[in-house]
Amino acid sequence: MKEVRVRFAPSPTGFLHVGGARTAIFNWLFARNKGGKFLLRIEDTDPERSKSELSEQILRSMHWLGLDPDEEIVYQALNINRHISVVDELVKLGKAYYAFESQEELDQMRKDSLANKQQFKYNRASLNLSIETVRKYLDEGKPYAVRFKVPDGITEFNDIVHGKTAFNNLEIDDFVILRSDGSPVYQIAVVVDDHDMKISHVIRGDDHLSNTPKQVLLYNALGWEVPEFAHLPMILDEQKKKLSKRRNPVSVEEYKEKGYLADALFNFLTLLGFAPEGNKEVISKEETINEFSFERVNKSSAVFDMKKLGWINSEYLKVSDPLVIAELVLNKLREMNLTDFDNSSIENLTYVENVISLMKERVSTVNDFVEFGKYFFVAPATYDEKGLHKYWNIEIQPVFKKYASELGLINDWTSAELEEHLRDFAEKHNVKAGQLIHILRLSLTGITISPGIFELLQVLGKRSSINRIHEFLKK
Ligand code: GLU
C-alpha cells in the first residue's frame, strides 16, 4: 500500500481559525491512524495578505494543540518558479494558452454576459489567434495571462466523504493559471506542491469542493497521479450560520487565552464531523486515533456548540494534573497583575492546588478559577451591598464579633474542627449557624457565593482568614 501523506495548507492571512484547526486535526488523525505522515505547507503566495507573524501564530497554535508536522514546513512562496515552469510545460503541451485580454476587456465581457443574463464564460478569443499573432504579441511585450484549456467531457473523482462526485467540464471556464503580473494562481500552486510533496490524500474543508474538478483536470493534463480527496463538513454556529467572530471567538489563540485546555479543544474539534463509537463525547487522543475513519465522518454540517465545549473543558479540568492547572492559573494571575495577594504562600503551588481542588467541580475554564475565585488571591476591598443589608443586622453584630475573637484560639485549623466550633458557638449564643456563615462568607470573599465555608477557611489559612475578618469589622 502507498504511504499515507497528508498536509494542512493554511494561508497565513489570519490567525489559526478553529475551522482550520479542525481540518488540521482530521489530517493529523488520519495520518496517525494509518502510520503515515502529517505535513504542513504555509500558502504564503499572496504578498499583500500573508504576514510572517501570522505564520508564526499558526505554528504556535498548532504546536499548542499537539499538531507539529512530521517533516520540514513547506513555504509555498519559495516554489513559485517551479509553479511557473509547470505552467510553461502546460503551454508547450498545448494544454494551456496565452490570453491577451486586458482587465478592461474582460470586465466588458462580464458586463455583456450579465446584460444577456448569461453566466460569464471566457470566449476563448485568444485561443483562436493564429500562431503568428501570438508570436507578434509576445514580441511586442503585450501583457498576457495563461489560461488552462479545459477539455470536453466529465470530470469525476471519488470523494471519501461525499462519494462519487462529477462535474460537467462545460461548466468550467478556461481558468487562469498564471496572472498577467506573472504570479501563478492557487489552483496550479496547490496541484504542483501536492504532487511534489507526494501527498496521497487531500483532506480539507467543503469550501474547496468546487476547486477540486479544476485540480483534477490539471493532474490529468500533467499525467500525474490524482490524490484521494476528502472534503470535511462545514462548521456552523448554534444559529446555523457561518462562524463569525462577532458572535464567538474564532481563533485557537483566543480559546487558549480564555482558559480552555489544548486537549479539551482538540477533543471538541474532533467531534465537529467525526462520530466516535458509542457516541462518546470525552475521548482521548489515543482512542480517537484508533477509531478514526472517514466512514465515521459526517457529510452534513457540524454545529459549534459553546456549551458543549465548556462542558468538555470542565471534564478535562477535573481529571488534569492539579500541578499543571496550578501553573496555568498562576500564569493567568501574573498576566492580570494579581500576584500581589495577601496570602504570602501564594507563590506556593500547593496553595493554588488547594484552591483548584475546592473549585474544580464548579468551573469550566482555567480563567474561571481566577474570575470566580479571585478572593482566594486578593482580599476583598468591598462587600456585596445586598448581602450586607440582608445579613449584617443588629442582632448578629455582637455575636459575630465575639465569634471572631475566639478564632485565634483554634489551633487545629481544619474544616472539621472549624465547623464543630462554629456550630457549638451558634448554639451557645442562640443564633443559627447560617447567620454566622453568611457574614463569614462576606468577610472572607466580599460576595455571597463560594464553595463550602469551612473548606474555604481551611484553604485560606488561619492568618489570612483572621486578617480578613478583622478588616471587615474595621470597615
Ligand atoms: N490555502 C488554502 C486555504 O487556506 C487551502 C488549500 C487546500 O487545502 O487545498 O483555504
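Starting afresh in each chain, residues are numbered from 1 along the sequence in its written order. Where totals are concerned, whole chains, interfaces and linings use all residues; where local detail is concerned, this predicted model gives features only for residues with pLDDT of at least 70, and gives and counts side-chain atom pairs only at 80 or more. Side-chain metrics rest on all non-hydrogen atoms present in the structure, leaving aside hydrogens and water.

1. Notes on the environment of Pro249
In this text, helices come from DSSP runs of H or I with a minimum length of four residues, and strands from runs of E with a minimum of two, each type numbered from the N-terminal end. Within the secondary structure, Pro249 sits in the loop between β11 (235–236) and α8 (252–257). Residue classification places Pro249 among the buried positions, given a relative accessible area of 12%. Sequence-wise, Pro249 and Val18 are 231 residues apart; in three dimensions their C-alpha atoms are separated by 8.8 Å. Contacts were defined at the residue level, with two residues in contact if any of their heavy atoms lie within 4.5 Å. Leaving out residues up to four positions away in the same chain, Pro249 has contacts with Glu254, Tyr255 and Lys258. Relative accessible area decides the class of each residue, using a 1.4 Å probe on protein chains only: under 20% of the type maximum gives buried, over 50% gives exposed, and in between gives partly exposed.

2. Section: the packing of aromatic side chains
In this scheme Phe, Tyr and Trp rings, the latter by its six-membered ring, pair at centre separations within 6.5 Å, and the angle between planes marks the pair as stacked below 30 degrees, edge-to-face above 60, and tilted otherwise. For the structure shown, the criterion picks out 24 aromatic pairs. Here Phe26 and Phe292 contribute two aromatic rings whose centre-to-centre distance is 5.4 Å and whose plane-to-plane angle is 80°, an arrangement assigned as edge-to-face. With a gap of 266 residues between them, Phe26 in helix α1 (residues 18–34) and Phe292 in the loop between α10 (285–291) and β12 (302–303) connect regions that are remote in the sequence. Taken as a pair, Phe26 and Phe292 share a single burial class, namely buried. Here Tyr98 and Tyr144 contribute two aromatic rings whose centre-to-centre distance is 4.6 Å and whose plane-to-plane angle is 70°, an arrangement assigned as edge-to-face. Residue Tyr98 is located in strand β4 (residues 96–99), and its partner Tyr144 is located in the loop between α5 (131–140) and β5 (145–148); the two are separated by 46 residues in the primary sequence. For Tyr144, a relative accessible area of 29% translates into the label partly exposed. Here the aromatic cluster, defined as three or more aromatic residues joined through ring pairs, consists of Tyr383, Trp392, Phe400, Tyr403, Phe425 and Phe472. Whether a charge sits over a ring comes down to the Lys NZ or Arg CZ being within 6 Å of the ring centre and within 35 degrees of the ring normal. The ring of Tyr122 carries the charged tip of Arg147 above its face, separated from the ring centre by 3.9 Å.

3. Some words on the nonpolar core
Definition of nonpolar core: a set of buried residues of the types Ala, Val, Leu, Ile, Met, Phe, Trp, Tyr and Cys, connected through side-chain atoms within 4.5 Å. Counting 100 residues, the largest nonpolar core has Phe304, Val329, Phe376 and Leu436 as its most contacted members. The greatest single-element share of this core, amounting to 9 residues, is contributed by α1. When residues no more than four places from it in sequence are discounted, the contact partners of Val329 are Val352, Ile356, Val366, Phe369, Val370 and Phe377. Ala96, Val146, Val191 and Trp224 belong to the second largest nonpolar core, which has 31 residues in total.

4. Examining unusual backbone geometry
The phi dihedral of Lys117 falls on the positive side, at around 55°, and the residue is not glycine. By secondary structure assignment, the location of Lys117 is in the loop between α4 (103–115) and α5. You will see that Lys198, though not glycine, has its phi angle at about 55°, which is positive. Relative to the elements of secondary structure, Lys198 occurs in the loop between α6 (186–196) and β9 (201–205).

5. So, the sheet that holds β5
Two strands qualify as a pair provided DSSP detects at least 2 bridges between them. The strand order across the open sheet built from 3 strands is β4-β5-β8, with neighbouring strands paired in antiparallel fashion. A strand with exactly one partner marks an edge of an open sheet, and here the two such strands are β4 and β8 (176–178). Averaged over all pairs of adjacent strands, the angle between their axes in this sheet comes to 45°, without regard to strand direction. Looking at chain direction, β5 and β8 are connected through 2 bridges and run antiparallel. Note that in β8 the partner of Val146 across the bridge is Leu178. Only C-alpha atoms enter the line fits that serve as axes; for helices the fit covers just the stretch in contact. Angles between N-to-C directions range over 0 to 180 degrees.

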